[in-house]
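Coordinates in review
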Amino acid sequence: MKGVRSKLKDNGTVWISGTFHNIFSIAQVPNELEFRILNAVTWVKTDPPPNPACRCFTHSSEIIIRARKNKKVPHYFNYELMKAINDGKQMKDVWNLPAIAPWEKSCGKHPTQKPLGVLSRIILSSTQLNAWILDPFTGSSTTGIAANLLNRKFLGIDKEIDFLEMSKRRRIEIDELAIFEEYKQKIQGFKDQECLSVHPQAECGQELQF
Ligand SMILES: C[S@@+](CC[C@H](N)C(=O)[O-])C[C@H]1O[C@@H](n2cnc3c(N)ncnc32)[C@H](O)[C@@H]1O
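A brief report on the enclosed structure follows.

About the thresholds
- Residues numbered from 1 in each chain as written.
- Predicted model: local features only at pLDDT ≥ 70, side-chain atom pairs only at ≥ 80, totals over all residues.
- Helix = DSSP H or I, 4+ residues; strand = E, 2+ residues; numbered from the N terminus.
- Contact = placed C-beta atoms within 7 Å.
- Near = placed C-beta within 6 Å.
- Nonpolar A, V, L, I, M, F, W, Y, C, P; charged D, E, K, R; others polar.
- Axes fitted to C-alpha atoms, helices over the stretch in contact; angles between N-to-C directions.
- Parallel < 35°, antiparallel > 145°, perpendicular 65-115°, else oblique.
- Left-handed = near helix turned anticlockwise from the far one by under 90°.
- Pairing = 2+ DSSP bridges.
- Buried ≥ 20, exposed ≤ 12 C-beta atoms within 10 Å, placed from the backbone.

Broken down by element type, the chain carries eight helices and seven strands. Overall size of the chain, expressed as C-alpha extent along the three principal axes, is 45 × 40 × 40 Å. The long-range share in the chain, meaning contacts at least 24 apart out of those at least 6 apart in sequence, stands at 65%.

Here it is, written out as structure tokens:
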């Protein structure tokens, strides 16, 4: 997290997602590093998978901490856009969005892959066109795919080469205009956005730039 802080712009925000298993311990870290926590967004999955053991309530939410780098420098927040995609009402910190859908796994399965709808809302709310976005735990690079669909640039890092290979397949997939357009249509909140694609070559290795 210290490394992320040194790369983040002064008006930038960091978003950390987790479940009840880990989010309460992780939440200490931004405080210790002088970030200022702005929100704990609750993503409510509108179509959660059932709990097979029938011993718990259905797990249907995740918490996403949103923090700004600098306690004194104002952060970038696309408030008006969030309001516009929420039928003209102020966006709440509870987001009702679907869980991961089968079409999002066309290039392979990652055990904790996030939906493009969640990442696109995060990106739209906190970055401008052509911004650089870093995901140091990139997995299948949902952040990167959402970033490119929204005409942002992306750097992802993961310790597992197989996940980086999956990320490259996902990036190549959206080179096809029909798929690019189809995915934009499927993701909530895209409808009125300028979503021109950039198609830089993906690079191989432990780091991946889109
Ligand atoms: C929750 S998953 C990310 C899923 C991603 N958001 C997606 O939609 O596919 C976290 C990822 O962090 C990676 N990871 C865990 N520890 C790491 C480390 N120390 N350095 C780099 N990557 C790490 C794991 O391999 C895993 O793919």
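A word on the site of the ligand. Looking at the ligand, there are 13 residues lining it, with Lys114, Phe137, Gly139, Ser140 and Thr142 nearest. Split by residue class, the shell around the ligand holds three nonpolar, six polar and four charged.

With that settled, the discussion passes to the packing of helix α5 (residues 116-126) against helix α6 (residues 142-149). Between α5 and α6, whose axes approach to 9 Å, the crossing angle comes to 60°. As judged from the angle between their axes, α5 and α6 are oblique. Like other packed secondary-structure pairs, α5 and α6 cross with a definite hand, here right-handed. Residue-level inspection shows Leu116, Leu119, Ser120 and Ile123 of α5 in contact with α6, the latter providing Thr142, Thr143, Ile145, Ala146, Ala147 and Leu149.

The next thing to look at is the environment of Lys89. With respect to the helices and strands, Lys89 occurs in the loop between α4 (79-84) and β4 (94-97). Separated by 13 residues in the primary sequence, Lys89 and Tyr76 place their C-alpha atoms 19 Å from one another.

The strand order β1-β3-β2-β4 describes an open sheet built from four strands, whose pairing is mixed. Only two strands of the sheet have a single partner each, and these edge strands are β1 (13-18) and β4. On average, each strand axis in the sheet is tilted by 25° relative to the strand beside it, whichever way the strands run. In this sheet, strand β3 (residues 61-68) lies alongside strand β2 (residues 36-45) in antiparallel orientation, the contact comprising eight bridges. Residue pairing in the sheet places Val44 in a bridge with Ser61 of β3. Strand contacts of α5: β1, β2 and β4, with the helix running at about 140° to β4, the strand carrying the most contacts.

The subject of this paragraph is unusual backbone geometry. Phi is positive for Glu34, close to 70°, though the residue is something other than glycine. Checked against the element boundaries, Glu34 lands in the loop between α3 (28-32) and β2. Among the residues examined, Glu34 registers 11 C-beta atoms within 10 Å and is labelled exposed. Phi is positive for Asn130, which is not a glycine, with a value near 70°. The residue Asn130 is located in the loop between α5 and β5 (132-135) in this model. For Asn130, a count of 9 C-beta atoms within 10 Å translates into the label exposed.

The buried count for α5 comes to ten of eleven residues, which makes it a mostly enclosed element. Among all positions of α5, only Leu116, Gly117, Val118, Leu119, Ser120, Arg121, Ile122, Ile123, Ser125 and Ser126 are buried.

Our focus in this paragraph is the environment of Lys168. Summarising the element assignment, Lys168 is placed in helix α7 (residues 161-173). Owing to 17 C-beta atoms within 10 Å, Lys168 belongs among the partly exposed residues under this scheme. Distance from Lys168 to Gln209, taken between C-alpha atoms, is 9.5 Å for residues 41 residues apart in sequence.

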